[in-house]
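Now for the letters of each chain:
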Amino acid sequence: MDTRIGALIENMKVYNYKSVKSIEKEGIIFSDGFKIIFQDCINGFAKHYNSFTDVSTCIAERNILERPPYFQFYLDDMNVKIIFDCKGLFANKRNNKLFQDFQLKIKNLGYKTFDLT
């Protein structure tokens, strides 16, 4: 899989976690200027899973057991995947830590992610 910053693969934009510039209440901003708006993700997630938009704050699905671990956000026109693929001696441990920190940031903003593991 191509892990370049913002690589577009089959209607999916793939980002490495290192390309996340900021995580704010409204969404995520990447180093190339692309933005994910969480309200759009709630709508996209509900559409993808055929659930109710008015009762959910779920913005993405996540899988820490996949290699590389990832979060996937559903938008109307594309999906966005953030992968955690650090390399090196303790890569798995570091990727898992970054993944869990990212999940906690999302939770602290009042949103949920769907666990696929």
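Quick summary incoming for the structure in this document.

The rules behind each value
- Residues numbered from 1 in each chain as written.
- Predicted model: local features only at pLDDT ≥ 70, side-chain atom pairs only at ≥ 80, totals over all residues.
- Heavy atoms only, no water.
- Helix = DSSP H or I, 4+ residues; strand = E, 2+ residues; numbered from the N terminus.
- Buried < 20%, exposed > 50% of the residue type's maximum accessible area, 1.4 Å probe, protein only.
- Contact = heavy atoms within 4.5 Å.
- Pairing = 2+ DSSP bridges.
- Axes fitted to C-alpha atoms, helices over the stretch in contact; angles between N-to-C directions.
- Core = buried A, V, L, I, M, F, W, Y, C linked by side-chain atoms within 4.5 Å.
- Expected span 1.5 Å × (residues − 1).
- Arc of directions from axis to C-beta.
- Phe/Tyr/Trp six-rings, centres within 6.5 Å; stacked < 30°, edge-to-face > 60°.
- Lys NZ or Arg CZ within 6 Å of the ring centre and 35° of its normal.

## With respect to the overall build of the protein
Consideration 1: Scanning the protein from terminus to terminus reveals two helices and nine strands.
Consideration 2: Shown N-terminal to C-terminal, the secondary structure of the protein runs as helices and strands in the order β-β-β-β-β-α-β-β-β-α-β.
Consideration 3: Going through the 117 residues of the protein one by one, you find that 47% of them count as buried.
Consideration 4: Counted over contacts in the protein with a minimum sequence separation of 6, partners at least 24 positions apart contribute 51%.

## Focus: the sheet that holds strand S3 (residues 20-23)
Consideration 1: Read across the open sheet, the three strands follow the order S3-S4-S5; overall the sheet is antiparallel. The sheet is open, and its two edges are formed by S3 and strand S5 (35-37), each paired on a single side. When the angles between neighbouring strand axes are averaged without regard to direction, this sheet yields 15°.
Consideration 2: Here strand S4 (residues 27-30) pairs with S5 via three bridges, running antiparallel. Each bridged residue has a counterpart across the sheet, and for Gly27 the counterpart in S5 is Ile37.
Consideration 3: Most of the contacts of helix H1 (residues 38-49) go to S5, to which it runs at about 65°, and overall it touches S3, S4 and S5.

## Looking at the nonpolar core
Consideration 1: The biggest cluster of nonpolar side chains holds 28 residues, and the ones touching the most others in it are Ile28, Phe30, Ile59, Phe73, Val80, Ile82 and Phe102.
Consideration 2: If near-sequence neighbours (up to four positions away) are discounted, Ile28 is found in contact with Val20, Ser22, Ile23, Phe34, Lys35, Ile36, Phe38, Phe73, Ile82 and Phe102.

## Re helix H2 (residues 91-108)
Consideration 1: An ideal rise of 1.5 Å per residue puts 26 Å on 18 residues; H2 measures up with 26 Å between its terminal C-alpha atoms.
Consideration 2: Taken together, the buried positions of H2 are occupied by Ala91, Asn95, Leu98, Phe99, Phe102 and Ile106. All buried residues of H2 project into a common sector of 100° when viewed along the axis, lining one side. In this structure, H2 carries Lys93, Lys107 and Asn108 as exposed residues pointing more than 90 degrees from its buried face.

## Quick word on the packing of aromatic side chains
Consideration 1: Inspection of the entire model under this criterion finds 16 aromatic pairs.
Consideration 2: For the ring pair Phe84 and Phe99, a centre distance of 5.5 Å and an interplane angle of 65° mean the geometry is edge-to-face. In this pair, Phe84 is assigned in the loop between strand S8 (79-83) and H2 and Phe99 in helix H2, connecting sequence segments 15 residues apart.
Consideration 3: Among the aromatic residues, ring-to-ring pairing joins Tyr17, Phe71, Phe84, Phe99 and Phe102 into one connected group.
Consideration 4: Above the ring of Phe34, the side-chain terminus of Lys13 is found at 4.3 Å from the ring centroid.
Consideration 5: Residue placement shows Lys81 over the ring face of Tyr70; its charged tip is 4.2 Å from the ring centre.

## Comments concerning H1
Consideration 1: The terminal C-alpha atoms of H1, which comprises 12 residues, lie 16 Å apart, in line with the 16 Å expected from a rise of 1.5 Å per residue.
Consideration 2: On its buried face, H1 sits against S3, S4, S5, strand S6 (58-63), strand S7 (70-74) and strand S9 (112-115).
Consideration 3: Following H1 by one or two positions, Asn50 adopts a phi angle in the positive range, close to 55°.

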